[in-house]
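Understanding the architecture of this molecule
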Amino acid sequence: MAGEVRQLDERKLAVLRAIVQDYVGTEEPVGSKALVERHNLGVSPATVRNDMAALEEEGYIHQPHTSAGRIPTDKGYRLFVDRLAEVKPMSAPERRAIRHFLDGAVDLDDVVARTVRLLAQLTRQVAVVQYPSLSRSTVRHIELVALAPAKVMLVLITNTGRVEQRMVDCPGAVGETLLADLRARINARAAGQRLPDVPGLLEELPGLFEQADRPAVSTVLATLFEALAEQNEERIMLAGTANLTRFGHDFPLTIQPVLEALEEQVVLLRLLGETADAGMTVRIGREIAYEGLNSTSVVSVGYGSGDESVAKLGVIGPTRMDYPGTMGAVRAVARYVGQILAES
């Protein structure tokens, strides 16, 4: 009996997979006759009708208004993503095109801008890319450059390629020997450390210098700490909003609530999820807490240099989404961005 139930479930799953694929591909509600004609299900139309009735009763598909066909529910899409969808890998030419497009980036802002445009083009949906979180970044190098006897330029470079510059007006002239000593001591303590940890590692540094040099050292450190503190705000870049207009009929009543939600930075950050959770996440329809986005799905994943995720990227589109293709594109782009950050 157990084998019979499992077989029945496998068959129903095959019917559900076929319904999702056809509805995503054609935008039309799917009938049993079309399923039997298009898919090699190996059973009669009557059996498919019975399976569809059972799937409908269990809440995986439903009948929109007066149409004879059925469409997947959020619950149906969730089962499809969890049990039936295989992530569709990008083709070799697609992978080369991604690499070529991202390799042209000149700095971190350009990497983020290119990534978000590329994701929107590949998936034809709304793409969202979070800037690398500086609270999760580490110091690669801190440079100090004398511009005038009492003026120093401070340059902070992170492992994700972010570069921050600050001008420091010191209380008196700073000689090259002092500057070289300070630069060496700062980097000895700070290089490779997470940004939030750096102030604690450097706060006792002025005491290691001659009394006369301490005001200048303290001023440089105060500017560095300010730069580190300012960098904790999260930034996001968005592209492809116009793509949503192609899916007008996928949104009940109006697309307006979706567009309004996309303007909220806080909402977008919440959608992408916690940076620490680097794995692929798919949220479907009413699983999204924000009401204006109940008719959308979000596919997101972490990216970073090395093994650690420093930020998230993803796409937002209607629940009638090509999940295998979207998941494949999001994963591939995240991987390439990570490689570029690691090489930069």
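Cut-offs and rules
- Residues numbered from 1 in each chain as written.
- Predicted model: local features only at pLDDT ≥ 70, side-chain atom pairs only at ≥ 80, totals over all residues.
- Heavy atoms only, no water.
- UniProt positions renumbered as here; feature names shortened; annotations may be inferred.
- Helix = DSSP H or I, 4+ residues; strand = E, 2+ residues; numbered from the N terminus.
- Pairing = 2+ DSSP bridges.
- Axes fitted to C-alpha atoms, helices over the stretch in contact; angles between N-to-C directions.
- Contact = heavy atoms within 4.5 Å.
- Domains from an automatic or database assignment.
- Buried < 20%, exposed > 50% of the residue type's maximum accessible area, 1.4 Å probe, protein only.
- Expected span 1.5 Å × (residues − 1).
- Polar contact = N/O pair within 3.5 Å; in protein donor to acceptor, adjacent residues only side chain to side chain.
- Phe/Tyr/Trp six-rings, centres within 6.5 Å; stacked < 30°, edge-to-face > 60°.
- Lys NZ or Arg CZ within 6 Å of the ring centre and 35° of its normal.
- Parallel < 35°, antiparallel > 145°, perpendicular 65-115°, else oblique.
- Left-handed = near helix turned anticlockwise from the far one by under 90°.
- Nonpolar A, V, L, I, M, F, W, Y, C, P; charged D, E, K, R; others polar.
- Salt bridge = Lys/Arg side-chain N within 4 Å of Asp/Glu carboxyl O.
- Core = buried A, V, L, I, M, F, W, Y, C linked by side-chain atoms within 4.5 Å.

Turning to the UniProt feature "domain: HTH deoR-type" (unreviewed entry) in the protein, a few remarks are in order. Mapped onto this numbering, the UniProt entry gives "domain: HTH deoR-type" (unreviewed entry) at residues 40–68. Helix makes up 45% of residues 40–68 and strand 7%, and the two end C-alpha atoms of the span are 21 Å apart.

So, on to the sheet that holds strand S6 (residues 163–169). Taking strand neighbours across the sheet as the criterion, the three strands line up as S4-S5-S6 in an open arrangement whose pairing is antiparallel. In the strand order of this sheet, the two ends are held by strand S4 (139–148) and S6, each with one partner. Strand-to-strand twist in this sheet, taken as the mean axis angle between neighbours without regard to direction, amounts to 20 degrees. Note that strand S5 (residues 151–158) and S6 share seven bridges and pair antiparallel. If you follow Lys151 over to S6, its bridge partner there is Asp169. Each of S4 and S5 touches helix H7 (residues 176–190); the most contacted strand, S4, lies at about 165 degrees to it.

Entries for the protein in the domain assignment read domain 1 (1–83), domain 2 (92–132 + 234–343) and domain 3 (138–231). If you average the C-alpha positions of domain 1 and of domain 3, the two centres end up 63 Å apart.

This part is about unusual backbone geometry. Positive phi, close to 70 degrees, is recorded for Glu27, a residue that is not glycine. Inspection of the secondary structure puts Glu27 in the loop between helix H1 (2–26) and helix H2 (32–38). Taking the relative accessible area as the measure of exposure, Glu27 reaches 36% and is therefore partly exposed. Not every positive phi belongs to a glycine, and Arg124 is a case in point at roughly 55 degrees. Note on placement: Arg124 falls in the loop between helix H6 (108–123) and strand S3 (126–130).

Another point: the sheet that holds S3. In space, the five strands of this open sheet follow the order S7-S3-S10-S9-S8, with antiparallel pairing throughout. Of all the strands in the sheet, the pair left with one neighbour each is strand S7 (236–239) and strand S8 (281–284). Pairs of neighbouring strands in the sheet enclose a mean axial angle of 15 degrees, with direction left out of account. Pairing between S8 and strand S9 (residues 296–303): four bridges, direction antiparallel. In the sheet register, Thr281 faces S9, and the bridge partner there is Ser300.

This part covers H6. Quick reminder: α-helices carry 3.6 residues per turn. Residues three or four places apart thus point the same way. For H6, with 16 residues, the first-to-last C-alpha span of 23 Å sits near the 22 Å given by 1.5 Å per residue. Buried-residue contacts for H6 involve helix H5 (92–103), S3, S7, strand S10 (311–318) and helix H12 (323–343). Between the side-chain oxygen of the N-cap and the backbone nitrogen of Asp109 there are 3.3 Å, and the N-cap of H6 in question is Asp107.

One pass over the structure, following the stated rule, counts one aromatic pair. For the pair Tyr77 and Tyr323, a centre-to-centre distance of 5.6 Å together with 50 degrees between the ring planes defines the contact as tilted. Placement of the pair is Tyr77 in helix H4 (residues 74–84) and Tyr323 in helix H12, with a sequence separation of 246 residues. In terms of burial, Tyr77 and Tyr323 fall into one category: buried. Above the face of the Tyr60 ring, Lys75 is positioned so that its terminal group lies 4.6 Å from the ring centre.

Here we come to the packing of H6 against H12. Helix-helix packing is described using two parameters, namely the angle between the two axes and the distance between the axes. Two elements in contact, H6 and H12, have axes separated by 10 Å at closest approach and are oriented at 165 degrees. On the basis of their axis angle, the class for H6 and H12 is roughly antiparallel. At the point where H6 passes H12, the crossing takes the right-handed sense. Facing Leu108, Val111, Thr115, Leu118, Leu119, Leu122 and Thr123 of H6, the residues of H12 in contact are Thr326, Ala329, Val330, Val333, Val337, Ile340 and Leu341. Of the residues in the contact of H6 with H12, the class split is 11 nonpolar, three polar and no charged.

All right, on to the pattern of salt bridges then. Counted under the stated rule, the structure contains 15 salt bridges. Across the pair Arg99 and Asp103 runs a salt bridge whose closest N-O atoms are separated by 3.2 Å. Here Arg99 and its partner Asp103 are both found in helix H5, four residues apart, which amounts to about one turn of the helix. Judged by its relative accessible area of 44%, Asp103 falls in the partly exposed class. Through salt bridges that share partners, Arg78, Asp82 and Glu287 make up one connected network.

Turning our eyes to something else, we now look at the pairing of S4. Of the pairings in the sheet, the one linking S4 to S5 comprises eight bridges and is antiparallel in character. Across the sheet, Glu143 pairs through a bridge with Val155, a residue of S5. With antiparallel pairing between neighbouring strands as the criterion, S4 and S5 make up a hairpin whose turn holds two residues.

Membership of the largest hydrophobic core comes to 58 residues, with the highest contact counts inside it found for Tyr303, Leu313 and Tyr323. Residue contributions to this core peak at 11 residues, all from H12. No fewer than three residues from each of domain 1 (1–83) and domain 2 (92–132 + 234–343) sit in this core. Non-local contacts of Tyr323, meaning those with residues more than four positions away in its chain, are made with Tyr77, Phe80, Val81, Val282, Ile284 and Ser297. Judged by nonpolar contacts, the second largest core, of 26 residues, contains Val152, Cys170, Ile186 and Val217.

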